[in-house]
Amino acid sequence: MSAIEAGQGAVYDRGYRPYDGPRGRRGAATMALYKATMRRALGLRRSWRQKIAPFVLLGVVTIPAIVNVGIGYVTRDNVGDTFEIITYRDYVGVSSALLLFVALVCPDVMCPDRRHRVLPLMFARPLMGQDYVVAKLGAIASILFAFSFLPQVVLFVGNMFVSDSALDYFSGHLDILWKVPAAVVLLAVYYAIIGVAVSSMTDRRIVAGAAVVGVFLVTSISSGIIVGDNYQQQGGSLAALINVWVLPLYLRDLIFLGHIDPDSPLTGVDQGGLIAIATFIVVLCAAAGVLLRRYRWVER
Amino acid sequence: MGNVEPGPLIRLDGLTKRYPGVTALSDLSVDVPRGLIGLVGANGAGKTTTFRLLLGLAHPTEGRVEVCGIDVAKDPIGVRALLGYMPEHDCLPLDQTAADVVSTFGELSGLPARAARQRASDILDLVGLDEARFRPISGFSTGMRQRAKLAQALVGDPELVLLDEPTAGLDPLGREEMLALVARLGTFGISVLMATHLLDDVQQVCDHVVMIDAGRLVVSGTTDSLLERTGVVTVDVGPRGHELVARLTALGLTAATEDNLIEVRVEGDQHMDALRDAIADLQLPLYRLSTRLTSLDEVFLRRAASAS
């Protein structure tokens, strides 16, 4: 292409070009909102400050796996000495780090839509209230799953390669391949739905963040006071289920152990496992009900 | 766009919307053709409620709403796929760039991601935000935010754009530019329903007007048909206008100077002949001679009063 000489340039009004390509409907709109929420939660296409929290958190939750594998590598020649600072089961419960993430990110993806009054624009698209809930919830749950699952992958692969025989380690831990994803899915969906439901109640991020932390802390402290410290000797109590923070960990224990952990505050409770499952489902349904009602835009 | 049935662009049939204690719309029936349409009414007349019903964001208490032949109650998603919506209030995420916001709304309208990004770029260029596309919305002026709002409404290539008070908060220059943009949409084959209480905006841009008051239809018709002759002729003959006024008064006509123009009440051809002869006798230059029409304000006030 030859260079345009001075004075020979031209400004073109490109006008308006209609779009005649493929066009999706509800599914496409829901997926678009899911992707937009993922980008926002991870700080993508945003300033570097917005990227700090999610990726520092990912680093923090991965540190135990790296340390565990590193020590395993250093001590790999010590015959009969298998070092394990964290188990796969324990790793599912890095819940304080996840709680922090939920309290930071859920308000950030929910509150501005209401505060900046973006919702009417969204619902003027081929999008229904339940699609909005599914997209937001799906995005947060996906990130929580990734942040909980990736460190487990690091731990598993690292342990496999520092073991005497990678193949033996793999074949000896086949159950981990389904137990970890199953437990992590439950945890991710649970924390996501609580975080999103609580955040949907206000348009102020700081209030939502405090409310998320408050729900977990208040129920945890209340449960602790009622159950007391001597549950291992005297037996646990159903009041342990008030603690919404650790509720999914009872289901984790059911997946990994097949029963309630004897060291948990629910130990000794008759049908404790079944009641824990029922409580888990009730909490999920209640949060989903709150969300669907909150975003039932039609006939407001 | 998809195949759209012929017929009116919008059909409201016995539309009533009641909220607890308030009737927002009452038995509103009107067919609206394609083109640039003004939805006119005072604040609280029911314009925004009409938009919500068109978008399927509220259910009518009674009656039906059709957009492009599609019943909104039966297929709200199908209708929304044909519409773009620009609300009156601020509605854009302030911490995102215009390009991100508009392309995201393109995807939400069902466009593939690559197409949405391309169209976002084109539309931001069209509305005059091409150089500001990578700036956060929070740094935009009111006029730029209005343009960004218009861009998000257009990015999905809508059949019909609903504009709620598009010139609200704009300075005179910004208002003129926004109205010019709205007028251009008609040349692109996009129909516009512009809700406003500023009748000058409608008179300037729209070729059809729907007037509502207190939730009831006042009048619907083409802008030209609503603008009636007033029986007053406006004449501009330059600085010697006072000579013409004196001559016409001497002839028994009613004439007065208004903003350096002469307004002459004419009743029949004889008066027009007398005006012509007076200008010729005085050898005045004739710069302008036009029949004054009623303004939409006058039409609205008169019709609303008679309707109530």
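Rules behind the numbers
Residues numbered from 1 in each chain as written. Chains lettered and ligands numbered in written order. Predicted model: local features only at pLDDT ≥ 70, side-chain atom pairs only at ≥ 80, totals over all residues. Helix = DSSP H or I, 4+ residues; strand = E, 2+ residues; numbered from the N terminus. Buried ≥ 20, exposed ≤ 12 C-beta atoms within 10 Å, placed from the backbone. Contact = placed C-beta atoms within 7 Å. Nonpolar A, V, L, I, M, F, W, Y, C, P; charged D, E, K, R; others polar. Arc of directions from axis to C-beta. pLDDT = per-residue confidence, 0-100. Expected span 1.5 Å × (residues − 1).

**Q** Even after reading the chapter, I still don't get the overall build of chain B, so can you show me in this structure?
**A** Summing up its helical and strand segments, chain B has eleven helices and 14 strands in all. Overall size of chain B, expressed as C-alpha extent along the three principal axes, is 75 × 45 × 35 Å. For chain B, the proportion of its 308 residues judged to be buried stands at 44%. Counting contacts in chain B only where the partners sit at least 6 residues apart, residues at least 24 apart contribute 68% of the total.

**Q** Can you walk me through the interface of chain B and chain A in this structure?
**A** Accessible area lost upon the coming together of the parts is a frequently used measure of interface size. Counting residues at the interface gives 34 residues for chain B, matched by 33 residues for chain A. Those elements that place two or more of their residues in the side of chain B that touches chain A are helix 2 (76–80), strand 6 (83–86), helix 3 (98–108) and helix 4 (113–126) of chain B. The residue makeup of the side of chain B that touches chain A, split by class, is 19 nonpolar, seven polar and eight charged.

**Q** Where do I start with helix 9 (residues 241–250) of chain B in this structure?
**A** Spacing of three or four residues puts side chains on the same side of an α-helix, whose turn is 3.6 residues. Residues and elements named next belong to chain B. Within helix 9, the full set of buried residues consists of L244, V245 and L248. The buried residues of helix 9 all sit within an arc of 100 degrees when viewed along its axis, so they share a single face. Residues of helix 9 that are exposed and angled more than 90 degrees away from the buried face: H242 and A250. Of the surrounding secondary structure, the elements contacted by the buried residues of helix 9 are strand 12 (254–258), strand 13 (261–265) and helix 10 (269–281). Looking one or two residues past helix 9, G252 carries a phi angle of roughly 95 degrees, positive in sign.

**Q** Looking at this structure, I do not really get the confidence of the model for chain B. What am I missing?
**A** Note that predicted coordinates carrying low pLDDT should not be read in detail. Residues and elements named next belong to chain B. Averaged over every residue, the pLDDT of chain B is 89; the share at 70 or more is 96%. Considering only residues more than four positions removed or in separate chains, one finds that residues 1–5, a stretch of pLDDT under 50, has eight contacts. For this predicted complex, the interface confidence reaches an ipTM of 0.85, while the overall pTM sits at 0.84.

**Q** What's the story with helix 10 of chain B in this structure? I'm lost.
**A** In this model helix 10 of chain B runs 18 Å from its N-terminal to its C-terminal C-alpha over 13 residues, within 8% of the 18 Å that 1.5 Å per residue would give. Note on helix 10 of chain B: the residue one or two positions beyond its end, Q283 of chain B, has a positive phi of about 55 degrees.

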